[in-house]
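Working through the structure, step by step
Given next are the chains, with one letter for each unit.
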Amino acid sequence: MAEKILTRNFHLPGSHTLAVYRETGGYAGLETAFATKPADITEEVKKANLRGLGGAGFPTGVKWGFLPKGRPGPIYLVINADEGEPGTFKDRYLLERDPHALIEGMIISGYAIGAHLAFVYVRGEYVQPWRIFSGAVEEAYAAGLLGRNIRGSGFDLDVIVHRGAGAYICGEETGLISSLEGRKGWPKLKPPFPAIRGAFGAPTIVNNVETICHVPHIVRRGAEWFASVGTKTQGGTRLYSLSGHVERPGVYELPVSVTLRELVYEHAGGVPHGRRLKAVVPGGSSAALLTADEIDVTMDVDGLKNAGTMAGSAGVIVMDETVSIPEALMVVARFYAHESCGQCTPCREATGWIYKMARRIVEGKGRKEDLDTILDVARRGAGTTICAFFDGAVGPYISYIEKFRHEFEALIRK
Amino acid sequence: MTPRVEFTPEQLAEVRRLQGLYPDKRAALLPVLQLAQEAFGHISLEAEEYVAGLFDLSPAHVHEVVTFYTLFFREPKGRHVISVCHNLTCHLLGAQQVLAHLTERLGVEVGGTTPDGRVTLLGVECLCACEMAPMLQVDDRYEGHLTREKVDGILEGLR
């Protein structure tokens, strides 16, 4: 059994409390961190091969390294707890079951990047996770772990817990920043990247909850240890959210070198009712679909990239042989049509029209040219928009049709 | 009866506290709109104008924010809101049957509110609780592994 790092306390009663977190070695990373130069922590995080676990998989230490050096003025740390990628639920578990791990990670990360104010942007629907996390922040303040001169280190950090109001696009880091600033969540053109000009015009680092929860462990146990768990280009474990047609849906923490087959069959118990596997979404709904005979791939960022899909948010949705792929595409297309922020024409128009076409195919009113029109519109739109939202929609549009074209054609011929 | 669109002195103090919390007071707009929705039940055009006044913003700016997010209600909603996830995993595991059962039991279409103002029924995108699919959110609470019986039990608990 692989060692559990982020989920090691999930089973303990009161795992969300400061007392239990401390009893299990929590906040011990602070001492090591405060005895280290901030720039050296960034170096450690780089060497650890920690990659962003929200969806993009960008190397965390490299992101931190983009901050301008020696410029006066504030730097902000923003935690992306706007979990929204269909098929993903691991940040909810972290917020509810180990909120102090995130707070410790924020203190160390804030110290490393020179931020004295951090925001945690929690999706609006997450009421319970927000309450539990806010309670943990209060506890941390009362214990002198947040605020001024944390543990006599001379380092100050304040935390503001901010609630979203329902919009998938606010999980995109520049959309999140717009929303945090009190605007609609429209993404911004990059460059400038948030590390140069982010929240309130100041250099800002936006990191996912799970990413930051790893930081104390890297500091305490070293970059080499972390890098050794995982693959050559991505260190550590990751929380895989398994759902759909599996015996045991849930969160599984495993080294990123685990294969999709192991996840589905060994960990989640395989497909129920003796049915056959048809397809798997490996990294949240924006990841291209894999067929049943494409699941011998490792679940790290590069492993899935090489398989023509992506690790994304590690949300694994399993579909058995009874699933209609055209219907699944209709459901996914409705999501992208609903959540497109409407800023860029290719995305706003294509997501709406593709949903309409997918829907009429399912309703038996599809036209012969619909499939090629969807593929054409998807390919032409990819890469033409401000953010990666439409590129994410293109993953399912193209893969569902290309890998199961016969199912679509059968519905159109009817 | 529509409540008067005006915060109490205590609520106004909370608005000022929120505005002072952020590097720019406009960042308090979402929290203040959340407060307004709690206080007034929904965010009417009148409420948008009132909140705009508290931020020295044009009502149009507040309107574009309110209309962007799904959790802001521009019309009166029921005393309880049931949001059924209809995204992929929940769809695979029976979200359509859950919605059909609820529309039948409540006698309203998705998006509607019962005539007695008890429940507003919505179909929503992924609530990120796929491990308990099919699932729904009732007010602040997530409920999963839904069956007809479980849904009936949830409805019975709503006054």
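No experiment lies behind these values; they were computed from the predicted model shown. Counting restarts for each chain, with residues numbered from 1 along the sequence as it is written. Labels follow written order: the first chain is A, the first ligand is 1, and so on. Local features in this predicted model are restricted to residues whose pLDDT is 70 or higher, and side-chain atom pairs enter the listing and the counts only when it is 80 or higher, whereas totals over whole chains, interfaces and linings include all residues. To obtain the side-chain values, all non-hydrogen atoms of the structure were included, while hydrogens and water were left out.

**Comments concerning the overall build of chain B**
Along the backbone of chain B there are 7 helices and 4 strands. Put simply, DSSP H or I for four residues or longer makes a helix, DSSP E for two residues or longer makes a strand, and each gets a number counted from the N terminus. Seen in sequence order, chain B has helices and strands lined up from the N terminus as α-α-α-α-β-α-α-β-β-β-α. Counting only C-alpha atoms and orienting by the principal axes, one finds that chain B spans roughly 50 × 35 × 25 Å. Any residue under 20% of the maximum accessible area for its type is buried, any over 50% is exposed, and the rest in between are partly exposed; the area is computed with a 1.4 Å probe on protein chains only. Here chain B holds 159 residues, and 55% of them are scored as buried. At a minimum sequence separation of 6, the contacts of chain B that also span at least 24 residues come to 58%. A total accessible area of about 7400 Å² is found for chain B, and carbon and sulfur atoms account for 52% of it. The positive count covers Lys and Arg only, the negative count covers Asp and Glu only, and His and the chain ends enter neither. For this purpose, a charge sits on NZ of Lys, CZ of Arg, CG of Asp or CD of Glu. Averaging the locations of the 14 positively and 22 negatively charged side chains of chain B gives two centres separated by 3 Å. By definition in these notes, contact holds between two residues if any of their heavy atoms fall within 4.5 Å. Working definition of accessibility: Shrake-Rupley area with a 1.4 Å probe, residue cover restricted to the visible protein chains.

**Here's the deal with the nonpolar core**
The nonpolar core is taken to be a set of buried Ala, Val, Leu, Ile, Met, Phe, Trp, Tyr and Cys residues, with the residues joined through side-chain atoms within 4.5 Å. Met319(A), Tyr397(A), Tyr400(A) and Tyr69(B) are the most contacted members of the largest nonpolar core, which totals 86 residues. In terms of nonpolar packing, the next biggest core, distinct from the first, is built from 74 residues, Ile218(A), Val219(A), Ala223(A) and Cys90(B) among them.

**Some details on the packing of aromatic side chains**
Residues and elements named next belong to chain A. Two rings belonging to Phe, Tyr or Trp (six-membered ring only in the last case) form a pair when the distance between their centres is within 6.5 Å. Interplanar angles under 30 degrees mark stacking, angles over 60 mark edge-to-face geometry, and anything in between is tilted. Inspection of every chain in the model, using the stated rule, returns 23 aromatic pairs over all chains. Geometrically, the ring pair formed by Tyr111 and Phe155 is edge-to-face, given 5.6 Å between the ring centres and 85° between the ring planes. Linking Tyr111 in helix 6 (residues 99-113) with Phe155 in the loop between helix 7 (127-142) and strand 3 (158-163), this pair joins segments that are 44 residues apart in sequence. Under the relative-accessibility criterion, Phe155 is labelled buried at 6%.

**A word on the packing of helix 13 (residues 325-339) of chain A against helix 16 (residues 389-403) of chain A**
All names here are of chain A. Interaxial distance between helix 13 and helix 16 falls to 10 Å at its minimum, and their mutual angle equals 165°. Between helix 13 and helix 16, the crossing angle belongs to the class labelled roughly antiparallel. Classified by chirality, the crossing of helix 16 by helix 13 is left-handed. Where helix 13 approaches helix 16, its residues Ile325, Ala328, Leu329, Val332, Ala333, Tyr336 and Glu339 are matched on the opposing element by Phe389, Gly392, Ala393, Pro396, Tyr397, Tyr400 and Ile401. For this classification, the nonpolar set comprises Ala, Val, Leu, Ile, Met, Phe, Trp, Tyr, Cys and Pro, the charged set comprises Asp, Glu, Lys and Arg, and every other residue, Gly included, is treated as polar. Within the contact of helix 13 with helix 16, the residues separate by chemical class into 12 nonpolar, 1 polar and 1 charged. Note on geometry: axes are lines fitted to C-alpha atoms, helical ones only across the stretch in contact, with angles between N-to-C directions running from 0 to 180 degrees. Roughly parallel means an angle under 35 degrees; roughly antiparallel means over 145; roughly perpendicular covers 65 to 115; every other angle is labelled oblique. Each helix crossing is assigned a hand: it is left-handed if the near helix lies turned anticlockwise from the far helix by less than a right angle, otherwise right-handed if that turn is clockwise.

**Focus on the interface of chain B and chain A**
Taken together, the contact pairs 35 residues of chain B with 57 residues of chain A. Roughly 3700 Å² is buried in total at the junction of chain B and chain A, and carbon and sulfur atoms are behind 61% of that figure. The term buried area means the drop in 1.4 Å probe accessible area that two parts suffer when joined, counted for both and summed. Area buried by chain B at its contact with chain A is led by Phe68(B), Leu88(B) and Glu131(B), which between them contribute 18% of it. Salt bridges, as used here, are contacts in which a Lys or Arg side-chain nitrogen is within 4 Å of a carboxyl oxygen on Asp or Glu. Between the two partners, chain B and chain A, sit 4 salt bridges.

**Quick notes on the pairing of strand 7 (residues 277-281) of chain A**
Residue and element names in this part refer to chain A. The element strand 7 is extensively covered by neighbouring structure, given that 5 of its 5 residues are classed as buried. Between any two strands, at least two bridges found by DSSP are needed for them to pair. Across 4 bridges, the pairing between strand 7 and strand 9 (residues 315-320) is antiparallel. Along strand 9, the bridge assignment pairs Val281 with Ile317.

**Examining unusual backbone geometry**
Phi is mostly negative for residues that are not glycine, and the peptide bonds are mostly trans. Of note, the amide linkage connecting Lys190(A) to Pro191(A) takes the cis form, showing an omega dihedral of -10°. Along the polypeptide, Pro191(A) turns up in the loop between helix 8 (173-180) and strand 4 (204-208). With an omega of -5°, the peptide bond running from Ala133(B) to Pro134(B) counts as cis. As for its placement among the helices and strands, Pro134(B) is situated in the loop between strand 2 (119-124) and strand 3 (136-138). Although it is not a glycine, Phe200(A) sits at a positive phi angle of roughly 55°. When you line up the elements, Phe200(A) lands in the loop between helix 8 and strand 4. At Asp56(B), a position not held by glycine, the phi torsion is positive, near 55°. Here Asp56(B) lies in the loop between helix 3 (45-55) and helix 4 (59-66). Classification of Asp56(B) by relative accessible area gives exposed; the value is 64%.

**Observations regarding the domain arrangement of chain A**
Accessible area lost upon the coming together of the parts serves often as the stated size of an interface. Residue and element names in this part refer to chain A. The source of the domain bounds is an automatic or database domain assignment. Annotation of chain A at the domain level lists domain 1 (18-228), domain 2 (237-320) and domain 3 (325-413). Between domain 2 and domain 3, the C-alpha centre-to-centre distance is 23 Å. With 12 residues of domain 2 in contact, the opposing surface of domain 3 contributes 12 residues. Approximately 910 Å² of surface area, both sides summed, lies buried where domain 2 meets domain 3, with 62% of it carried by carbon and sulfur atoms. When the area that domain 2 buries against domain 3 is broken down by residue, the three leading residues are Lys278, Ser285 and Leu289, summing to 51%. At the surface where domain 2 touches domain 3, the tally comes to 2 salt bridges.

**Things to note about the packing of helix 3 (residues 38-47) of chain A against helix 6 of chain A**
Residues and elements named next belong to chain A. Orientation of helix 3 relative to helix 6, taken along the N-to-C sense of each, is 115°, at an axis distance of 7 Å. It follows that helix 3 is roughly perpendicular to helix 6 by the angle criterion. Viewed along their axes, helix 3 and helix 6 form a crossing whose handedness is left-handed. Facing Pro38, Ile41 and Thr42 of helix 3, the residues of helix 6 in contact are Ile108, Tyr111 and Ala112. In terms of residue class, the contact of helix 3 with helix 6 is made up of 5 nonpolar, 1 polar and no charged.

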